[in-house]
Amino acid sequence: MPVPASNARMRKQNMSTLYSRQVLSLMAIFFAGAIVINAQSGRRSTNGTTTTTEPSVSGPKTIEKKPDKAPRLQLLVGVDNRDPTSNIPFYVADTVMDNCVRRLGDAADVIVTSAGSGMSRAEAIKQAKGETVRYVVWLQIGSELADSGRQPKKNDVDELYVTYTILEPGTAKFKQTGRSHHQIYQTGRGGVSLPTKNGPVYSEYALKQAAREIAERVLAAFDIKLRD
């Protein structure tokens with residue numbers, strides 16, 4: 001039996017309406033999903049850690065320069081020959097020289113050089129004028145008997161002493177002069193001995209003490225103090 005034309009049109013309209021509703025529903029679902037995804041993405045960005053890159057500083061870096069260390073004190077030490085008019089043995093000057101240099105070397109900021117024996121006053125001045133950095137320390141062994149102009153007699157006891165002179169480099173000006181307080185007696189088993197055939201024998205301890213005292217007084221001239 002044929003379907004009336006009116007019914008066929010109604011059926012087509014109903015199907016078109018149903019199709020439109022399905023399309024709208026799918027679009028609504030699509031947009032809702034897009035909103036949810038954007039919201040979750042924004043939430044992750046908010047809760048996550050944001051890394052920022054600091055701008056690089058152009059130009060050379062400033063390096064703090066350490067202060068230069070104070071230059072070390074340099075000394076050249078020489079000793080005069082013994083007085084030919086005295087009866088002083090040769091070893092006395094060598095003993096004083098060696099112990100003085102050794103004591104000066106105990107200071108951490110001091111460089112000591114030995115010029116040996118046989119340095120006269122004129123040679124010490126000449127040496128100092130030729131120096132640019134080193135101070136010249138000139139040592140001399142003195143004799144009380146020789147200073148008095150008397151010839152030693154059999155029962156005379158000679159008394160020795162040590163003097164020092166500090167000469168500035170370049171000018172050879174005297175920075176300081178001095179004399180040891182220790183008198184170096186010729187000694188023997190019973191106290192004071194008489195001169196022997198080969199010359200008098202002096203106390204080694206007294207010689208060393210005089211040399212140490214001279215060294216400490218030289219260092220004190222440069223405000224350097226040694227600990228015992």
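Structural data are supplied above this passage.
Residues numbered from 1 in each chain as written. Predicted model: local features only at pLDDT ≥ 70, side-chain atom pairs only at ≥ 80, totals over all residues. Heavy atoms only, no water.

Student: Mind showing me how you'd approach the overall build of the protein here?
Tutor: A tally of regular secondary structure across the protein gives five helices and eight strands. Listing the helices and strands of the protein from first to last along the sequence gives α-β-α-β-α-β-α-β-β-β-β-β-α. Expressed as a percentage of the 228 residues in the protein, the buried residues total 30%. Long-range contacts, defined as pairs at least 24 residues apart, comprise 68% of the intrachain contacts of the protein with a sequence gap of at least 6. When the accessible area of the protein is evaluated, it comes to approximately 16300 Å², of which 53% is carbon and sulfur surface. (Helix = DSSP H or I, 4+ residues; strand = E, 2+ residues; numbered from the N terminus. Buried < 20%, exposed > 50% of the residue type's maximum accessible area, 1.4 Å probe, protein only. Contact = heavy atoms within 4.5 Å. Areas by Shrake-Rupley, 256 points an atom, 1.4 Å probe, with all protein chains shown as cover.)

Student: What is the right way to look at the nonpolar core in this model?
Tutor: The tendency in soluble globular proteins is for nonpolar side chains to be buried side by side. In this structure, Leu-75, Leu-104, Leu-139, Ile-141, Ile-184, Val-218 and Phe-222 are the most contacted members of the largest nonpolar core, which totals 35 residues. Elements represented by at least two residues in this core include exactly β1 (73-79), α2 (90-104), β3 (135-143), β4 (159-167) and α5 (204-220). With eight residues, the single largest contributor to this core is α5. If you look at the next biggest cluster of nonpolar residues, it comprises eight residues, including Leu-76, Ala-128, Val-136 and Leu-167. (Core = buried A, V, L, I, M, F, W, Y, C linked by side-chain atoms within 4.5 Å.)

Student: Can you help me understand the pairing of β3 in this one?
Tutor: When a strand is regular, its side chains alternate between the sheet's two faces. For β3, a buried count of eight out of nine residues is recorded, marking the element as mostly surrounded by other parts of the structure. Pairing between β3 and β4: eight bridges, direction antiparallel. Bridged to Val-136 within β4 is Leu-167. (Pairing = 2+ DSSP bridges.)

Student: For this particular structure, what's the right way to read the packing of aromatic side chains?
Tutor: The description of an aromatic ring pair rests on the distance of the ring centres and on the angle between the ring planes. Tallied over the entire structure, the rule returns one aromatic pair. When the ring of Tyr-135 is compared with that of Phe-222, the centres are 4.8 Å apart and the planes differ by 75°; the resulting orientation is edge-to-face. Pair noted here: Tyr-135 is in strand β3 and Phe-222 is in the segment after α5, with a separation of 87 residues, a long-range link. For the pair formed by Tyr-135 and Phe-222, the shared burial category is buried. Between Lys-175 and the ring centre of Phe-222, over which it is positioned, the NZ or CZ distance is 4.9 Å. Stacked on the ring of Tyr-161, the Lys or Arg Arg-179 has its end atom at 3.5 Å from the ring centre. (Phe/Tyr/Trp six-rings, centres within 6.5 Å; stacked < 30°, edge-to-face > 60°. Lys NZ or Arg CZ within 6 Å of the ring centre and 35° of its normal.)

Student: Just to check I follow, could you spell out the pattern of salt bridges for this structure?
Tutor: Here the idea is simple: oppositely charged side chains can pair when their charged atoms come close. A full pass over the atoms with the stated rule returns five salt bridges. Note that Glu-131 is salt-bridged to Arg-134, the shortest N-O span being 2.8 Å. For Glu-131, a relative accessible area of 10% corresponds to the buried category. One continuous salt-bridge network, built from bridges that share partners, spans Arg-103, Asp-106 and Glu-216. (Salt bridge = Lys/Arg side-chain N within 4 Å of Asp/Glu carboxyl O.)

Student: What should I look at first to understand the pairing of β1 in this one?
Tutor: Along β1, six of the seven residues are buried, which leaves the element largely enclosed by surrounding structure. Judged from the seven bridges that link them, β1 and strand β2 (residues 110-117) form a sheet pairing that is parallel. Residue pairing across strands places Gly-78 opposite Gly-116, the latter belonging to β2.

Student: What should I look at first to understand the side chain of Glu-131 in this one?
Tutor: The residue Glu-131 is located in the loop between α3 (121-129) and β3 in this model. One polar contact links Glu-131 to Gln-127, side chain to side chain, over a distance of 2.7 Å. A polar contact is formed between the side chain of Glu-131 and the side chain of Arg-134, at a distance of 2.8 Å. Here Glu-131 is in contact with Leu-76, Val-136, Pro-169 and Gly-170, once residues within four sequence places are set aside. (Polar contact = N/O pair within 3.5 Å; in protein donor to acceptor, adjacent residues only side chain to side chain.)

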